[in-house]
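# Remarks on the overall topology
Single-letter residue listing:
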Amino acid sequence: MNLKKDKNTRILTLITVTIIVLILFFTGYSLGKGFTSTKINAKTQIAKPILVVENNPSIDITALKNTGNYDFKIKNYNEKEEINQIMLKYYIEIISKYNETITFKIYKDGKEIPLENNKTQEILLANNTKEEQNYKLEINYDKNKSNLKEDIIQDVQIKIHSEQIKA
C-alpha cells in the first residue's frame, strides 16, 4: 500500500512540474541573466602646478646692523610664461632656532601679515591668470635678549607650503 502511494505521489509531482513548465513556455516568460559592457575612452592630462619663488641674495644681520629686510616674490607662472592651471593655497613658514633674540614681521604689498608660530594664514594663488605676490620679511636681532656671550650664527629659512584646491 505504501509503495502504491509513493508511486502516485511521484506521478502527481511529475505531472505538476510538466504543466508548470508548459505554462511558462507558452506564456512567453523567459528566465535569464543579462550582462552589459560599456567602454569609455578619455584623454586626460594631469594639471601641472606652478609656484615660483624669486628672492634676493642673502642678508647679514649683526649686533651693529641688527635689522634687515629680505624681499621675495611668489608667482603662479614660470620663465616660459606657462601659467598655473589649478588654484593653490599656501602659507609661509619662517624657521629659526633662536626665537627669543630674533623677531620677524612679514609684509605683503606693504601691509603686515600676522604670524602665528612663525606661520602665516593660508593665502590663495589664482589660476589661468598671471599673478605675482610681493613679500618683505623684516628681521630684527636683539643681542640683549640672548644669554649667550658670543654672537649667534644662524640661517633663517623661509618655507612655502602649498596645496591644490579641489575643483
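This structure is a prediction, so every number in the text was calculated from the model and none was measured.

## Looking at the sheet that holds strand 6 (residues 123–125)
The three strands lie next to each other as 6-3-8, forming an open sheet whose pairing is antiparallel. Strands with a single pairing partner mark the edges of an open sheet, and in this sheet they are strand 6 and strand 8 (157–164). Strand-to-strand twist in this sheet, taken as the mean axis angle between neighbours without regard to direction, amounts to 35°. By the bridge criterion, eight bridges tie strand 3 (residues 88–95) to strand 8 in an arrangement that is antiparallel.

## Here's the deal with a nonpolar patch on the surface
A surface patch of nonpolar side chains, amounting to about 360 Å² of accessible area, comprises Ile 11, Ile 15, Ile 19 and Ile 23. Topologically, Ile 11 is positioned in helix 1 (residues 2–27).

## A closer look at the pattern of salt bridges
Tallied over the entire structure, the rule returns five salt bridges. Here Glu 132 and Lys 73 are joined by a salt bridge, their closest N and O atoms 3.5 Å apart. One end of the pair, Glu 132, is in strand 7 (residues 132–141); the other, Lys 73, is in strand 2 (residues 67–75), with 59 residues separating them in the sequence. Judged by its relative accessible area of 30%, Lys 73 falls in the partly exposed class. Residues Glu 163 and Lys 89 are paired through a salt bridge, measuring 3.9 Å at the closest nitrogen-oxygen approach. Of this pair, Glu 163 sits in strand 8 while Lys 89 sits in strand 3; the two residues are 74 residues apart in sequence, bridging distant segments of the chain. Judged by relative accessible area, Glu 163 falls into the partly exposed class, the value being 45%. Each member of the salt-bridge network shares a partner with another, and the members are Lys 89, Glu 122 and Glu 163.

## Focus on the side chain of Gln 133
Its place among the elements puts Gln 133 in strand 7. A polar atom in the side chain of Gln 133 sits 3.2 Å from the backbone oxygen of Leu 124. Beyond its immediate sequence surroundings of up to four residues, Gln 133 is in contact with Phe 72, Lys 73, Ile 74, Tyr 90, Lys 108, Ile 123, Leu 124 and Leu 125.

## Some words on the confidence of the model for the protein
The share of residues in the protein with pLDDT of 70 or more is 85%, and the mean pLDDT across the chain is 82. Model confidence for the protein, summarised as mean pLDDT per element, is weakest for helix 1 at 83 and strongest for strand 5 (residues 111–113) at 93.

## Quick word on the packing of aromatic side chains
All chains considered together, the criterion is met by two aromatic pairs. A centroid spacing of 6.3 Å and a plane angle of 35° characterise the contact between Tyr 70 and Phe 72, whose relative ring orientation is tilted. You'll find Tyr 70 and Phe 72 in the same group, each marked buried. Measuring from centroid to centroid gives 5.3 Å for Phe 72 and Tyr 135, while their planes differ by 15°, and the two rings are stacked.

Conventions used here
- Residues numbered from 1 in each chain as written.
- Predicted model: local features only at pLDDT ≥ 70, side-chain atom pairs only at ≥ 80, totals over all residues.
- Heavy atoms only, no water.
- Pairing = 2+ DSSP bridges.
- Helix = DSSP H or I, 4+ residues; strand = E, 2+ residues; numbered from the N terminus.
- Axes fitted to C-alpha atoms, helices over the stretch in contact; angles between N-to-C directions.
- Patch = residues over 30% accessible without salt bridge, like charges linked within 9 Å, V, L, I, M, F, W, Y side chains within 5 Å.
- Areas by Shrake-Rupley, 256 points an atom, 1.4 Å probe, with all protein chains shown as cover.
- Salt bridge = Lys/Arg side-chain N within 4 Å of Asp/Glu carboxyl O.
- Buried < 20%, exposed > 50% of the residue type's maximum accessible area, 1.4 Å probe, protein only.
- Polar contact = N/O pair within 3.5 Å; in protein donor to acceptor, adjacent residues only side chain to side chain.
- Contact = heavy atoms within 4.5 Å.
- pLDDT = per-residue confidence, 0-100.
- Phe/Tyr/Trp six-rings, centres within 6.5 Å; stacked < 30°, edge-to-face > 60°.

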